[in-house]
Amino acid sequence: MAIKLIANYSKRLGLPGYSSHQFSVEIEVEIVTTAEVPAEAARIYELLQTNVDEQIQNTGFVPPGDYGMEGSLPASSTSSPATGCSPRPVNTAWKCSTKQRELIENLVAEHHLEKADVENLAVERFGKGVRLLNKVEASGLIDELIDTHGGQQRPPENSRRSAYAGVNGNGGRR
């Protein structure tokens, strides 16, 4: 009776602009005895790895850094050599909620934070400026600002943290 040995080798590579590509190969062979497993597994692994590595070198389409972003800059704009990111347009609308925008602005004002530092933090963590952060990303930035610089000095009754403070007794953290 034959024994099936099925092996899969997959590799995913990160590419610029938060893109990635993946290549996977699967092979099925039959062996006669379990004693053949170690040698056959090593042979198949080497075969799969070599072929996947050869094929994945062809990346195909790699989107530019601002691909798919609304309000991306015209082609004549240059990237900042330090970050590789394009500077954001001056009048870009905020992508997060109004309450998130107000909380970010309040944290910056109340803790005397440099707007450039907060912008750099957003680019470092999410690859885009503060105004381009979606709701989930803005929430992450807000959490980081609160964890790093403390909450608002005079939290309003409906603030983000105080709304959850009584839920589980630990300031809204899970």
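Chains are numbered independently. Their residues run from 1 in the order of the written sequence. In keeping with the predicted nature of the model, local features appear solely for residues at pLDDT of at least 70, side-chain atom pairs appear and are counted solely at 80 or more, and the whole-chain, interface and lining totals rest on all residues. Side-chain measures here rest on the full set of heavy atoms in the structure, leaving out hydrogens and waters.

1. As for the environment of E105
Item 1. Tracing the sequence through the fold places E105 in helix α2 (residues 98-110).
Item 2. Counting along the chain gives 10 residues from E105 to K115, while the straight-line C-alpha distance between them is 9.0 Å. Numbering of helices and strands runs from the N terminus, with a helix taken as a DSSP run of H or I at least four residues long and a strand as a DSSP run of E at least two residues long.

2. Side note on unusual backbone geometry
Item 1. One non-glycine residue, H112, lies in positive phi territory at about 50°.
Item 2. The residue H112 is located in the loop between α2 and α3 (115-126) in this model.
Item 3. Residue class for H112 comes out exposed when judged on its relative accessible area of 70%. Relative accessibility under 20% of the residue-type maximum defines a buried residue, over 50% an exposed one, and the middle range a partly exposed one, all with a 1.4 Å probe and only protein chains included.

3. Points about the nonpolar core
Item 1. The biggest cluster of nonpolar side chains holds 17 residues, and the ones touching the most others in it are I104, V118, L141 and L145.
Item 2. Listed by contribution, the elements that provide at least two residues to this core are α2, α3 and α4 (135-149).
Item 3. Per element, the largest residue contribution to this core is 5 residues, and it comes from α4.
Item 4. Setting aside residues no more than four positions away along its own chain, L145 makes contact with L107, L113, V118, L121 and G150.
Item 5. To define a nonpolar core, start from buried Ala, Val, Leu, Ile, Met, Phe, Trp, Tyr and Cys residues and group those joined through side-chain atoms within 4.5 Å. Counting 6 residues, the second-largest nonpolar core is a separate cluster that includes Y9, V29, I44 and V52. In this analysis, two residues are considered to be in contact whenever any of their non-hydrogen atoms come within 4.5 Å of each other.

4. Side note on helix α1 (residues 37-56)
Item 1. To estimate the expected span of a helix, count its residues, drop one, and scale the result by 1.5 Å. For α1, which comprises 20 residues, the first-to-last C-alpha distance of 27 Å matches the rise-based estimate of 28 Å (1.5 Å per residue) to within 8%.
Item 2. When we look at burial in α1, the residues that qualify are E40, I44, L48, V52 and I56. Down the axis of α1, the buried set is contained in an arc of 105°. They therefore lie on one face. Exposed and facing more than 90 degrees away from the buried side of α1 are P38 and A39.
Item 3. Packing partners of the buried residues in α1 comprise β1 (3-15) and β2 (19-31). Working definition: the arc comes from the directions between the helix axis and the C-beta atoms, pointing outward to the latter.

5. Points about the side chain of E119
Item 1. Mapped onto the secondary structure, E119 falls in helix α3.
Item 2. We classify E119 as buried; its relative accessible area is 17%.
Item 3. Whenever two N or O atoms come within 3.5 Å, that pair is a polar contact, provided that in protein one can donate a hydrogen and the other can accept it, and provided that, for residues adjacent in sequence, both atoms are side-chain atoms. Of the polar contacts made by the side chain of E119, one reaches the backbone nitrogen of V130; its length is 3.3 Å.

6. Here's the deal with the packing of aromatic side chains
Item 1. Aromatic pairing here means that ring centres of Phe, Tyr or Trp (its six-membered ring) are within 6.5 Å. Orientation follows from the plane angle: under 30 degrees is stacked, over 60 is edge-to-face, and everything else is tilted. As enumerated under the stated definition, the model contains 1 aromatic pair in all.
Item 2. For the ring pair Y9 and Y45, a centre distance of 5.4 Å and an interplane angle of 80° mean the geometry is edge-to-face. One end of the pair, Y9, is in strand β1; the other, Y45, is in helix α1, and 36 residues separate them in sequence.
Item 3. With a relative accessible area of 44%, Y45 lands in the partly exposed category.

7. Quick notes on the confidence of the model for the protein chain
Item 1. Per residue, pLDDT captures the predictor's confidence, and it can take any value from 0 to 100. Here the protein chain shows a mean pLDDT of 77. Residues at 70 or above account for 69%.
Item 2. Within the protein chain, the element-level pLDDT minimum falls on helix α5 (residues 165-168), averaging 46, and the maximum on α2, averaging 92.
Item 3. The model gives residues 72-91 a pLDDT under 50, and that stretch makes 18 contacts with residues more than four places away or in other chains.
Item 4. Counting contacts from residues 162-168, a segment whose pLDDT is below 50, to residues more than four positions away or on other chains yields 9 contacts.

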